[in-house]
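Spelled out from the first residue to the last, the chains are:
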Amino acid sequence: MNSKPFKHLESLCAAEAKIRITTQPHKIPLFASSAFKFESIEDGIEIFKNQPGSHVYTRYGNPTIEAVAQKIANLEVFGSDLAAFGLLTSSGMAAIHLTIQTILKPGDSILTQGNLYGGTTELFNKVFGPQNINIEIIDFGALDNLEQSISNLKVQPVIFIETPTNPTLQCIDILKVCQIVHKYKGLVIVDNTFATPVIQQPILLGADVVIHSTTKFLHGHGVSTGGAIVTSNENLFKAIWETQKLVGSNSNTFDAWLVNIGLKTLVLRMEKQSENALQLAQYLSKHPKINKVHYPGLPNDTNHQLAKQQMKKFGAMLSFEVGSEYQDAINFSNRLNHCALAPSLGETDTMVLHPASMSHLKIPIETRLKYGITDNLIRFSVGIENIEDIIDDIEQALA
Ligand code: PLP
């Protein structure tokens, strides 16, 4: 490389500044660079051949993004001998889209549940349906149905589940689903956003792919939007990476970097938030103005036994019915002073959402009601506050 100084000032302005590092930074650096420089053209040719893994262009791969993706992958298989590979995407939706777009082709089927996060249901119906991908809804509470549907399929079974589900906290038996699906050489994709790997590790129960909206608990502070895909199947990882490289739905470096900061306190947050959610669920289940509480940590919840089996804690999410009508939920929400009316979850403060008018607005009312997403259902993402303050806020709103 030519190290002679420039003759002209404007050339020095245009050139990249020289970096000098004497010691390793304590925090991972933000490699905010679209492209990576080669020592020589031969070096570049070699690096281009060895993808993924070496760096040419951030859409193909970036050291900051890869470090965080690998950390999430390691968390998903922590405590086992399995190796896992991770990718970070621009959002949780991009993670779901990228995985399914890679695996399925026109004429294939995806078997899923009717009570997914509303955005995922819409993605399936509005984006994959028109691509001639058949969306089959299964009752995962009765797994005989699953085996029957799979045995009738002429194509590889691909299953997408979310457990616990958003917003009714239904739990699905990951181990049993995987055992059935793998008998027929199928693939199981699990959205682990609500539980996080601190509470539930679907790959260790047999899942082929785990999806996250890192926007939620993994980042935990509400200033980063992103998604993650984790698999222990290296060929599948390479195939998804190839689609991501072409589609360009990768995370940006800053969002990835922020997720890493959030991950440092993930265990502390999940412990405190789960503890708070349990206390809140117990309080709500005794309140005369609350009709139904969905929380797998309550001993009389239909998901309790399964949750105890596959989850280490019961998580920070719960939902409940206030009064009997749409307006009861609206009035209650408007009277809250401290709990934030904000359509996200997994942050340090308690957040409230009315699914019927927000996350599930575009889901046909009959479908929504069939899965218990009633007009008066309210979803809470419980934060790290002192739970007494949250209960006081709810108490005055209900009074
Ligand atoms: N999966 C679940 C369970 C969700 O709740 C959400 C969003 O709320 C998503 C995926 C989509 O994530 P994002 O908003 O990051 O695209």
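A brief look at the structure comes next.

Definitions and limits used
- Counting restarts for each chain, with residues numbered from 1 along the sequence as it is written.
- Selection of residues for local features in this predicted model requires a pLDDT of at least 70, selection of side-chain atom pairs for listing and counting requires 80 or more, and totals for whole chains, interfaces and linings are taken over all residues.
- The basis for the side-chain values is all heavy atoms of the structure; hydrogens and waters are excluded.
- To count toward a patch, a residue needs a relative accessible area above 30% and no salt bridge. Like charges then connect within 9 Å, nonpolar side chains (Val, Leu, Ile, Met, Phe, Trp, Tyr) within 5 Å.
- Method for areas: the Shrake-Rupley scheme with a 1.4 Å probe, in which residue coverage is limited to the protein chains shown.
- The term salt bridge refers to a pairing of a side-chain nitrogen on Lys or Arg with a carboxyl oxygen on Asp or Glu at a separation within 4 Å.
- Residues scored as positive are Lys and Arg, those scored as negative are Asp and Glu, and His as well as the terminal groups of each chain are ignored.
- Each charge is placed at NZ for Lys, CZ for Arg, CG for Asp and CD for Glu.
- Here a strand is any run of E in DSSP of at least two residues, a helix any run of H or I of at least four, and the numbering for each starts at the N terminus.
- Following DSSP output, two strands are said to pair if at least two bridges run between them.
- In what follows, a contact means two residues having at least one pair of non-hydrogen atoms within 4.5 Å.
- To define axes, lines are fitted to C-alpha atoms, for helices over the stretch in contact only, and angles between the resulting N-to-C directions are given on a 0 to 180 degree scale.
- If a single non-hydrogen atom of a residue is within 4 Å of a molecule or strand, that residue counts as near it.
- Throughout this description, a polar contact denotes any pair of N or O atoms lying within 3.5 Å of each other; where both atoms belong to protein, one of them has to be capable of donating a hydrogen while the other can accept it, and for residues adjacent in sequence the pair is counted only when both atoms sit in side chains.
- Under the scheme applied here, a residue whose accessible area is under 20% of the maximum for its type counts as buried, over 50% as exposed, and between as partly exposed, the area being computed with a 1.4 Å probe on protein chains only.
- Roughly parallel here means an angle under 35 degrees, roughly antiparallel means over 145, roughly perpendicular means 65 to 115, and every remaining angle is called oblique.
- A crossing counts as left-handed when the near helix is turned anticlockwise from the far one by less than a right angle, and as right-handed when that turn is clockwise.
- Gly counts as polar in this scheme, as do all residues outside two lists: the nonpolar Ala, Val, Leu, Ile, Met, Phe, Trp, Tyr, Cys and Pro, and the charged Asp, Glu, Lys and Arg.
- Classification of ring pairs rests on two measures: the distance between centres of Phe, Tyr or Trp rings, Trp counted by its six-membered ring, which must be within 6.5 Å, and the angle between planes, read as stacked under 30 degrees, edge-to-face over 60 and tilted in between.

Turning to a negative patch on the surface, a few remarks are in order. Together, Glu388, Asp389, Asp392 and Glu395 line one region of the surface with negative charge. Secondary-structure assignment places Glu395 in helix α15 (residues 387-398).

Okay, the sheet that holds strand β12 (residues 377-381) next. Two modes of strand pairing occur in sheets, parallel and antiparallel, and in both the strands are linked by backbone hydrogen bonds. Read across the open sheet, the 5 strands follow the order β8-β9-β12-β11-β10; overall the sheet is mixed. With one partner strand each, in any of the chains shown, β8 (290-294) and β10 (340-341) form the two edges of the open sheet. Bridging between strand β11 (residues 351-353) and β12 involves 3 bridges; their strand directions are antiparallel. Within β12, the residue paired with Met351 across the bridge is Ser381. Here helix α11 (residues 266-285) sits on the sheet in contact with β8, β9 (317-322) and β12, set at roughly 15° to β9.

On to the site of the ligand. Inspection of the region around the ligand gives Ser91, Gly92, Met93, Tyr117, Glu162, Asn166, Asp191, Thr193, Ser213, Thr215, Lys216 and Gly226 as its neighbouring residues. The backbone of Gly92 places a nitrogen or oxygen atom 2.9 Å from an oxygen atom of the ligand. At a separation of 2.8 Å, an oxygen atom of the ligand approaches a polar side-chain atom of Ser213.

A separate point is the pattern of salt bridges. Counted by the stated rule, this structure contains 8 salt bridges. With a closest N to O distance of 3.0 Å, Asp375 and Arg368 form a salt bridge. When its relative accessible area of 7% is taken as the criterion, Arg368 is described as buried.

As a further point, take the packing of helix α4 (residues 92-103) against helix α9 (residues 234-247). Running from amino to carboxyl end, α4 crosses α9 at an angle of 110°, the nearest separation of the two axes being 9 Å. Considered as vectors, α4 and α9 are oriented roughly perpendicular to each other. Judged by the sense of rotation from one axis to the other, the crossing of α4 with α9 is right-handed. Between α4 and α9, the residues in contact are Leu98, Thr99, Thr102 and Ile103 and Leu236, Ala239, Ile240, Thr243 and Gln244, respectively. Residues of the contact of α4 with α9, tallied by class, amount to 5 nonpolar, 4 polar and no charged.

Read from one edge to the other, the open sheet built from 7 strands follows the order β1-β7-β6-β5-β4-β2-β3, with strand pairing classed as mixed. The two strands at the open ends of the sheet, each matched to only one other strand, are β1 (85-89) and β3 (134-137). Neighbour-to-neighbour, the strand axes of this sheet turn through a mean angle of 20°, independent of strand direction. Across 3 bridges, strand β2 (residues 109-112) lies against strand β4 (residues 158-162) in parallel orientation. When the bridges of β4 are listed, Leu111 appears paired with Ile159. Seen against the sheet, helix α6 (residues 143-152) touches β2, β3 and β4 and runs at an angle of roughly 175° to β2.

Moving on to the side chain of Thr215. On the secondary structure map, Thr215 appears in the loop between β6 (209-213) and β7 (227-231). Within the structure, Thr215 has its side chain in polar contact with the backbone nitrogen of Gly226 (distance 3.1 Å). Discounting chain neighbours no more than four positions away, the residues touching Thr215 are Ser224, Thr225, Gly226 and Leu345.

Next up on the list: the environment of Leu369. Residue position: Leu369 is located in helix α14 (residues 365-370). Under the relative-accessibility criterion, Leu369 is labelled partly exposed at 42%. With 254 residues separating them along the chain, Leu369 and Asn115 place their C-alpha atoms 9.9 Å apart. Not counting residues within four places of it along the chain, the set of residues in contact with Leu369 comprises Thr374 and Asp375.

Within the secondary structure, Leu146 sits in helix α6. Along the backbone, Leu146 and Cys339 are 193 residues apart, and their C-alpha atoms lie at a distance of 39 Å. Each residue touching Leu146, except ones within four places of it in the same chain, is listed here: Leu111, Ile138, Phe140, Ile159, Val177, Ile180 and Val181.

For the rest of this paragraph, the subject is the environment of Thr265. Take Thr265: it is sitting in the loop between α10 (253-263) and α11. By relative accessible area, which is 29% here, Thr265 ends up partly exposed. Thr265 sits 46 residues away from His219 along the chain, and the two C-alpha atoms are 9.2 Å apart.

The tally for this structure, following the rule as stated, stands at 10 aromatic pairs. Aromatic pair Phe85 and Phe237: ring centres 5.3 Å apart, planes at 25°, arrangement stacked. A residue pair is termed long-range when its members are at least 10 positions apart, and Phe85 in strand β1 and Phe237 in helix α9 qualify at 152 residues. Ring geometry for Phe124 against Phe160: centres 5.4 Å apart, planes inclined by 90°, an arrangement best described as edge-to-face. Taken together, the positions of Phe124 in helix α5 (residues 118-128) and Phe160 in strand β4 put the pair 36 residues apart, joining distant regions of the chain. As far as burial versus exposure is concerned, Phe124 and Phe160 are alike and both buried. Within the aromatic cluster, the residues linked to one another by ring pairs are Phe38, Phe48, Tyr57 and Tyr60.

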